[in-house]
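Residue strings, one per chain:
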Amino acid sequence: QMNRIDEAIQDYSRAIDLNDKNAGLFQQRATAYKVKGDLQKAISDFTSAIKLSPQFIPAVMGRGYVYFQMEDHQNAIKDFTRVIELNDKAAVAYNNRGYNLQLLGKEADALKDFNRSIELTSEYALAHQNRAWLLATCEDQSLRDPKEAIASARKACELNQYEDLSDMAALAAAHAAAKEFDLAIGIQEKIVERAPDFQKELAKKLL
């Protein structure tokens, strides 16, 4: 919590030396490695935790996140699927699996997962945002639905009180997909105004 990650890893390692059968210790050290950016060691520790406790959802979910960071979307999907097998009400796992499916071009399956995530947790802003992006920009024209994209993006914006610029960008994209370009431009201009310096160039390109 103090962001003294190396010291945290040393303490977790000592705890594991004292008790190497505790899955939670491996999962916690894996999380520390993830924060540090040492993703291979994070994968190794999450895997050790899962071997010790195959139904330990935090470890399976955590490993899925790291696989996503490593752009290993197939293995990320496998882990999020495993979480869903262990808990079929896990809205976050559906959303995460959907996002990885979308990155692999499996847009119909991704949309099903986003829809299921929202069914389970209707006020899950990120799932609404992801659904909006897919419906506004997907290559499969049969799935495109600008009207629904606008509704999902607006819901995400409302849930986050228009504070999340990614939600607003999804809303701009949805209006653009509906050929409502004046609205899209107006929203994106607001994003450019509010974006931190390191995001301004990207915001301008999107505009």
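One structure accompanies this document, and this report is about it. Quantities reported herein were computed from a predicted structural model and do not represent experimental measurements. (Residues numbered from 1 in each chain as written. Predicted model: local features only at pLDDT ≥ 70, side-chain atom pairs only at ≥ 80, totals over all residues. Heavy atoms only, no water.)

In terms of regular secondary structure, the protein chain is built from twelve helices and zero strands. Secondary structure elements of the protein chain, listed N to C terminal, follow the sequence α-α-α-α-α-α-α-α-α-α-α-α. Judged by the C-alpha coordinates and their principal axes, the protein chain covers about 65 × 35 × 25 Å. Taken over 207 residues, the protein chain has a buried fraction of 43%. Side chains of the protein chain carry 27 positive and 31 negative charges; the gap between the two charge centres is 3 Å. (Helix = DSSP H or I, 4+ residues; strand = E, 2+ residues; numbered from the N terminus. Buried < 20%, exposed > 50% of the residue type's maximum accessible area, 1.4 Å probe, protein only. Lys, Arg positive; Asp, Glu negative; His and termini not counted. Charge placed at Lys NZ, Arg CZ, Asp CG, Glu CD.)

Before going further, it helps to spend a moment on the packing of aromatic side chains. In the structure shown here, the tally under the stated rule is two aromatic pairs. Ring geometry for phenylalanine 68 against tyrosine 99: centres 5.8 Å apart, planes inclined by 75°, an arrangement best described as edge-to-face. Of this pair, phenylalanine 68 sits in helix α4 (residues 57-69) while tyrosine 99 sits in helix α6 (residues 91-103), placing them 31 residues apart in sequence. Exposure remark for phenylalanine 68: the relative accessible area of 31% places this residue in the partly exposed category. When its relative accessible area of 32% is taken as the criterion, tyrosine 99 is described as partly exposed. (Phe/Tyr/Trp six-rings, centres within 6.5 Å; stacked < 30°, edge-to-face > 60°.)

This part takes up the pattern of salt bridges. Taken as a whole and assessed by the stated rule, the structure comprises twelve salt bridges. Across the pair arginine 131 and glutamate 148 runs a salt bridge, and its minimum N-O distance is 3.1 Å. With arginine 131 in helix α8 (residues 125-137) and glutamate 148 in helix α9 (residues 146-159), this residue pair connects regions lying 17 residues apart in the sequence. (Salt bridge = Lys/Arg side-chain N within 4 Å of Asp/Glu carboxyl O.)

This brings us to helix α7 (residues 107-120). Between its terminal C-alpha atoms α7 stretches 20 Å, which fits the 20 Å expected from 14 residues at 1.5 Å a residue. All of the buried residues along α7 are Glu107, Ala110, Leu111, Asp113, Phe114, Ser117 and Ile118. Down the axis of α7, the buried set is contained in an arc of 160°. They therefore lie on one face. Those residues of α7 that are exposed and aimed more than 90 degrees away from the buried face are Lys112 and Glu119. Those residues of α7 that are buried lie in contact with α6 and α8. (Expected span 1.5 Å × (residues − 1). Arc of directions from axis to C-beta. Contact = heavy atoms within 4.5 Å.)

With that settled, the discussion passes to unusual backbone geometry. Phi is positive for asparagine 3, which is not a glycine, with a value near 65°. The phi angle at tyrosine 162 is positive, at roughly 60°, despite the residue not being glycine. Relative to the helices and strands, tyrosine 162 resides in the loop between α9 and α10 (165-177).

To continue, consider a nonpolar patch on the surface. On the surface, Phe68, Tyr99 and Leu103 cluster together to form a nonpolar patch covering roughly 250 Å² of accessible area. Considering the arrangement of structural elements, one finds leucine 103 in helix α6. Accessibility expressed as a relative area gives 43% for leucine 103, which makes it partly exposed. (Patch = residues over 30% accessible without salt bridge, like charges linked within 9 Å, V, L, I, M, F, W, Y side chains within 5 Å. Areas by Shrake-Rupley, 256 points an atom, 1.4 Å probe, with all protein chains shown as cover.)

On to the packing of α6 against α8, then. Two elements in contact, α6 and α8, have axes whose closest approach is 10 Å; the angle formed by their N-to-C orientations is 20°. The angle between α6 and α8 places the two elements in the roughly parallel class. Relative to α8, the crossing made by α6 is left-handed. Counted together, Asn95, Tyr99 and Gln102 of α6 and Leu126, Ala127, Asn130 and Leu134 of α8 form the full contact between these two elements. Residue composition of the contact of α6 with α8, grouped by class: four nonpolar, three polar and no charged. (Axes fitted to C-alpha atoms, helices over the stretch in contact; angles between N-to-C directions. Parallel < 35°, antiparallel > 145°, perpendicular 65-115°, else oblique. Left-handed = near helix turned anticlockwise from the far one by under 90°. Nonpolar A, V, L, I, M, F, W, Y, C, P; charged D, E, K, R; others polar.)

Another point: helix α3 (residues 39-52). Under the 1.5 Å per step criterion, the end-to-end length of α3 is 20 Å for 14 residues, consistent within 8% with the ideal 20 Å. Looking at α3, one finds that the buried residues are Leu39, Ala42, Ile43, Asp45, Phe46, Ala49 and Ile50. Where α3 is buried, its residues meet α2 (23-36) and α4.

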